[in-house]
Structures are given as structure tokens and as C-alpha cells.
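These are the residues of each chain, in order.
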Amino acid sequence: MEMKLESFNPSNGKLLGKVTITSIEEVQNVVMRSCEAARNWKNLKIDERLDLMKKAYEQAKPHIRDMAELLSQEMGKDIQRAAGEVSGTVLGGPYIAEEAKEALQSRLTGSRARIEYRPLGVAAVISPWNYPLAMANNLIVPSLMAGNTVVFKPSEETPLVADTFVRYLQKVLPENVLQIIHGNGEQGRALVESDVHLIAFTGSMAVGKDIMARASGGLKRLIMELGGNDPMIVLKDADMDAAVRFAVASSFENAGQMCIATERIYVDEKIADTFEQSVVSLASRYRPGSWNMPGANIGPIINSRQHEKIIEHIRDAEEKGARVLLGGSQQEKPYIKPTVIADITPEMIMEKEETFGPVVAISRYKTVDEAVERANDSVYGLGAVVFGRKDVEAVADRLEAGMVGINQGVGAGDAPWVGAKQSGFGFHGTSEGHRQFAQVRVMNY
Ligand code: NAD
């Protein structure tokens, strides 16, 4: 009997739709079909693959608005942000494909050798729910352009929008070149342990470690974009308004459910009173609400488990002596009202782990060395940000992260997306990233 995966609107718990769960035995069959499809797909010229990819994305174009509404309802982010994500995915797909085509061209060295980028085989793409299309797309496109076929497992929280998107691409792509399977970690584990050659994963650090362990038997290629616990340092000569605006916006974006959300802020004690007051005044203007409620800018938390985890982090901070300046641990599901906590310390869960909720967590420092030390005292190393003037570049240079922002957030469209330490293993984006989805072959001639 077919088992169904139900998808709910996190704002009101209403059932949005169902998809069929892929049985564990079927996962193996899907991978086998992908392996067979790879024989033809890899032999196409890269221009032919590009052409098919462009045509495939054309299929999705007329449906951007509908997919945005679905994404909004299924994940909970507001319609403007959902529309941004869907159009970025659908219109950006062909752009990434073009870029990958350039990156994957063979190159001649000075000593009669040719560097070639060859298909690896079958790629497993496993993605999270917080940016359900964008994260998947970033890994699906270079996988396919490199001549791999793809088995895509979206998050069990957002199967409907992923399924809808893939069905449009499948109208053009040859049979079994891009397949989708549904389920939770069980299906994810089965896929990792199947005969895939590359695992491109975006998700939590814990699952990343599990994937690495399970993939080790076959030494499968891994590209993993994992969680973060991003610090922000505010130096005493920082532009106060800009720092406050960034601190609040980056802590609350996507209801805090963003890998590069600011998770902890270290502010010079000389400006801390003003900083805290200004953060509270701005944060208190944010309104929780459902995806289509006018004026709402903090959506629901994706599920009960995640909500409970955020409350646990806030309560732990309260019990260990933090000052609650706004919000706090008394919250009703599925929302978290804007919360500002001061005096966080290294003993608090909030400082050590990824909270993934709309919380601004602040701590005062006496010396810049102390701020840098606490910012770097983490197993995570995704993003880090510093606001200031005179010494800002020198402080930025000391931060251990894959992406560092100076008086702004992290990440650039024309640079790889990369996590350091345990926030990533391999990376994607731009030529350097796209080439990781291929096997390098050196041909001497
Ligand atoms: P998650 O790790 O719980 O799940 C991600 C995916 O992995 C889901 O599809 C899930 O079903 C699957 N999965 C679960 N267990 C598995 C296993 N043992 N083997 C294989 N697959 C398994 O993450 P999530 O809750 O969906 O997403 C939030 C996390 O993703 C946060 O930690 C966030 O920081 C991170 N994230 C990172 C980036 C980045 O670019 N670095 C981007 C977005 C999200």
C-alpha cells in the first residue's frame, strides 16, 4: 500500500496536499534508473545539455506566481519573499547553467595536458525546507550540467512545492535524468547508502556528519552546505543606525530560519546601552503573522519541534541570567514574537548552538580581542560580520568563517557560497563551485 506524506500550512495546521512516500526498496530502483539514464545524458555535448536545461526552465516560467503562493503557504514565508525565491530559482536556473557550461570546458595546460571535467554518475541532491527551491536549485543545476543525473530528495516539510517545480522541468528533460523521491531522514539515508556517486547536501551539521559517515564506505564525493551560528561584532566607532538595522533584519529574516542569520552579537560596552535600546525599538515594530496577513513580517516557525527548540534556547538563557529586553520564552505556537536577549554568555545554549528563530542575542565586550575570541569559539564557521570604521578590516581578517561581511551581510552573487570549519565540506557557486560536481581528468596528449 502506498504511504502518503502530508504537507501542512505551518500558520494554521491545515492540510495542503499529499505526495506518495518513496519506499526504501523503490529508492534503489530510482537510483538504478538514474544510472541507466546517465549513459545517454553524459554523452550529450554540454551545449545540448544547456539547451535542454533552458527549455526545461521555460516550462516553469508561466507558473512562478502559483509556485510562490504554494511555497508561501507550505513554508510560511511571506508572499513577496516567496515570489523572490521562486523567480530567482526559475529565472536564475538557466544563468547558473550557462555559468556551469563555461566552468566545465576543458582547459589546456602549458605542458601538453588537457584538464577535463567529466561526469561522476548519479548525484543525490538532498535539501532543507527553509529555502525549499533555491537551495535545491543551486545543487541540481551544476549536477546536471556536469553530466550527472539527479535523484532529488526535498525536505519532508516542503514536498509539494518541490514536486511541482520538478514536474515542470521533467516535461523537457529526458526520462529519469531528474527524479524526485519523497520521505524523511529514512529515505535520505537510503539514498546516501545507495549506488550514487555524489551527494550534494544542504542542511544541518548533525545530518551532514551522518551523511559523511554513511558515505565513507564508497568514498562518495560530498558537497555539504551546513548550519551556522553566525556572529556579528559591533566596534565602538560603528555607524550605529546601520549596525542596528542589520542586527535586527538579519536576526529576524525568514523568522530567523536562515543559515546565515545573525545568531549572536558582540557589542563594545561603551556603546552597548544605545545599541540595545535602538535594537529593541526597531525589533518591537516587527509583527508575527501568516504569509498573507498585511503587515506581518515574522512568519510561523516551521514545526512544533523547531518551536520548542527555540523556546528551550530562550529559557536556558533566562535561567542562566540573561536579560530579556523584548519577547521571551512565553510564546504561543506557531509564532515567536520578536525577542531581544542581552548578556548572553558562552555557557548558554544560545551562544553555542544554532537557534534558528527570530531572536536578537546580544553580549557586551570590554576588548576587541575578547569579542574576536568569542566569535571564533565555535565549531561553526559559515558567516561572520563586523561593523565599524578604523579597525574594521583588521578585525574582519581575524574571523574564522567561509564568508565575512564588513559593514554588510555575507555572500555575493559572483563568489562561491562557502562554509568554513563544520559549516561546510566542499561548496557550490561560480566556476570553483561548479567544478566540484565533476570528476577532473587529466589527459596528456
Ligand atoms: P536537516 O539536516 O534536518 O534536513 C535536511 C534534509 O536532509 C531533509 O531533506 C531531510 O529529510 C534529510 N535528512 C535527514 N536526515 C538524514 C540523513 N540521516 N541522511 C540523509 N538525509 C537526511 O535540515 P533542515 O532542518 O531541513 O534545514 C535547516 C538546516 O539547514 C539548518 O541547520 C540550516 O543552517 C541549514 N542550511 C544551511 C544552508 C547553507 O547554505 N549552509 C542553507 C540552508 C539551510
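Not measured: the values here are computed from a predicted model.

A.B. asks: Can you explain the pairing of strand E1 (residues 4-8)? Please cite residues and give values.
C.D. replies: Regular strands place their side chains on alternate faces of the sheet. Taking every second residue as pointing to the same face, the buried face of E1 carries Leu-5 and Ser-7, while none of Lys-4, Glu-6 and Phe-8 on the other face is buried. Inspection of the sheet shows E1 paired to strand E2 (residues 15-20) by five bridges, in the antiparallel sense. Across the sheet, Glu-6 pairs through a bridge with Lys-18, a residue of E2. Adjacent in sequence and paired antiparallel, E1 and E2 are bridged by six residues, among which Gly-13 carries a positive phi angle near 75 degrees.

A.B. asks: Describe in detail the sheet that holds strand E18 (residues 439-444), supporting the description with residues and values.
C.D. replies: The three strands lie next to each other as E3-E4-E18, forming an open sheet whose pairing is antiparallel. Looking at which strands have only one partner, the edges of the open sheet turn out to be strand E3 (107-108) and E18. For strand E4 (residues 113-118) and E18, the ladder comprises six bridges, and the chain directions are antiparallel. Looking across to E18, one finds that Arg-114 is bridged to Met-443.

A.B. asks: Describe the environment of Met-205, and please don't skip the residues or the numbers.
C.D. replies: With respect to the helices and strands, Met-205 occurs in helix H8 (residues 205-215). A sequence separation of 194 residues divides Met-205 from Ser-11, and the C-alpha atoms of the two residues are 27 Å apart.

A.B. asks: Provide a residue-level description of the site of the ligand, including the pertinent values.
C.D. replies: Inspection of the region around the ligand gives 31 residues, with Glu-156, Ser-204, Leu-226, Glu-354 and Trp-417 positioned closest. Taking Ser-127, its main chain carries an N or O atom lying 2.8 Å from an oxygen atom of the ligand. Taking Leu-226, its main chain carries an N or O atom lying 2.7 Å from a nitrogen atom of the ligand. For the ligand, the protein covers 91% of the area, taking 860 Å² as the surface of the free molecule. Per element, the largest residue contribution to the shell around the ligand is four residues, and it comes from helix H7 (residues 185-193). Tallied by class, the residues present in the shell around the ligand amount to 14 nonpolar, eleven polar and six charged. Counting only domains with at least three residues in the shell around the ligand, you end up with domain 1 (4-226 + 421-444) and domain 2 (230-406).

A.B. asks: So what about the domain arrangement of the protein? Which residues, and what values?
C.D. replies: Under the domain assignment, the protein is made up of domain 1 (4-226 + 421-444) and domain 2 (230-406). Every contact between the two is made by 22 residues of domain 1 and, on the other side, 23 residues of domain 2. At the junction of domain 1 with domain 2, the criterion picks out two salt bridges. A salt bridge links Glu-253 to Arg-81, with the shortest nitrogen-to-oxygen separation between them at 2.6 Å.

A.B. asks: Can you explain the sheet that holds strand E7 (residues 178-180)? Please cite residues and give values.
C.D. replies: Strand order across the open sheet formed by six strands is E7-E6-E5-E8-E9-E17, with mixed pairing between neighbours. Across the chains shown, the open sheet's two edge strands, defined by having one partner strand only, are E7 and strand E17 (424-425). Of the strand pairs in this sheet, strand E8 (residues 198-202) and strand E9 (residues 221-225) are connected by five bridges, and their pairing is parallel. By the bridge assignment for E9, Thr-202 is matched with Glu-225. Helix H1 (residues 24-41) contacts strand E5 (122-126), strand E6 (149-153) and E7 of the sheet and is inclined by roughly 150 degrees relative to E6.

A.B. asks: Would you mind going over the pairing of E6 in detail, with residue names and values included?
C.D. replies: With five of its five residues buried, E6 lies for the most part within the structure. Here E6 shows two buried faces, one formed by Thr-149, Val-151 and Lys-153 and the other by Val-150 and Phe-152. Across five bridges, E5 lies against E6 in parallel orientation. Directly across from Val-122, in E6, lies its bridge partner Thr-149. Where E6 and E7 come together, three bridges link them in parallel fashion. Bridge pairing links Phe-152 to Ile-180 in E7. In this view, the connection linking E6 to its parallel neighbour E7 by way of helix H6 (residues 159-170) has right-handed handedness.

A.B. asks: Outline helix H11 (residues 304-319), supporting the account with residue identities and numerical values.
C.D. replies: Taking 1.5 Å as the rise per residue, H11 with 16 residues should run 22 Å; its terminal C-alpha atoms sit 22 Å apart, in good agreement. Listed as buried for H11 are Gln-306, His-307, Ile-310, Ile-311, His-313, Ile-314, Asp-316 and Ala-317. Each element contacted by the buried residues of H11 is listed here: strand E13 (339-342), helix H12 (349-352) and strand E14 (359-365). Once H11 ends, the next one or two residues include Gly-321, with phi positive near 100 degrees.

A.B. asks: Could you give me a rundown of the side chain of Asn-254, with the residues and numbers involved?
C.D. replies: As for its position among the elements, Asn-254 is in the loop between helix H9 (240-252) and strand E11 (262-268). You can call Asn-254 buried: its relative accessible area is 7%. When near neighbours in sequence (up to four residues on either side) are disregarded, Asn-254 contacts Met-75, Lys-77, Asn-130 and Tyr-131.

A.B. asks: For the packing of helix H3 (residues 64-75) against helix H4 (residues 79-103), give the residues involved together with the corresponding values.
C.D. replies: Taken N-terminus to C-terminus, the directions of H3 and H4 make an angle of 130 degrees; their axes are 8 Å apart at the nearest point. Taken as axis vectors, H3 and H4 run oblique relative to one another. Where H3 crosses over H4, the two elements pack in a sense that is right-handed. Across the interface between the two elements, Ile-64, Arg-65, Met-67, Ala-68, Glu-69, Leu-71 and Ser-72 from H3 touch Ile-79, Ala-82, Ala-83, Glu-85, Val-86, Ser-87, Val-90 and Leu-91 from H4. When the residues that make up the contact of H3 with H4 are grouped by side-chain class, the tally is ten nonpolar, two polar and three charged.

A.B. asks: Provide a residue-level description of the packing of aromatic side chains, including the pertinent values.
C.D. replies: Aromatic ring pairs are described here by two measures, namely the spacing of the ring centres and the angle between the planes. If you walk through the whole model with that rule in mind, you get four aromatic pairs. Ring plane angle 35 degrees and centroid distance 5.4 Å describe the contact between Phe-246 and Phe-387, whose orientation is recorded as tilted. With Phe-246 in helix H9 and Phe-387 in strand E15 (residues 383-387), this residue pair connects regions lying 141 residues apart in the sequence. With 4.9 Å between their ring centres and 75 degrees between their planes, Phe-252 and Tyr-286 make a pair best called edge-to-face.

Analysis parameters
Residues numbered from 1 in each chain as written. Predicted model: local features only at pLDDT ≥ 70, side-chain atom pairs only at ≥ 80, totals over all residues. Heavy atoms only, no water. Buried < 20%, exposed > 50% of the residue type's maximum accessible area, 1.4 Å probe, protein only. Helix = DSSP H or I, 4+ residues; strand = E, 2+ residues; numbered from the N terminus. Pairing = 2+ DSSP bridges. Near = heavy atom within 4 Å. Polar contact = N/O pair within 3.5 Å; in protein donor to acceptor, adjacent residues only side chain to side chain. Areas by Shrake-Rupley, 256 points an atom, 1.4 Å probe, with all protein chains shown as cover. Nonpolar A, V, L, I, M, F, W, Y, C, P; charged D, E, K, R; others polar. Domains from an automatic or database assignment. Contact = heavy atoms within 4.5 Å. Salt bridge = Lys/Arg side-chain N within 4 Å of Asp/Glu carboxyl O. Axes fitted to C-alpha atoms, helices over the stretch in contact; angles between N-to-C directions. Right-handed = clockwise from strand over helix to strand, strands pointing away. Expected span 1.5 Å × (residues − 1). Parallel < 35°, antiparallel > 145°, perpendicular 65-115°, else oblique. Left-handed = near helix turned anticlockwise from the far one by under 90°. Phe/Tyr/Trp six-rings, centres within 6.5 Å; stacked < 30°, edge-to-face > 60°.

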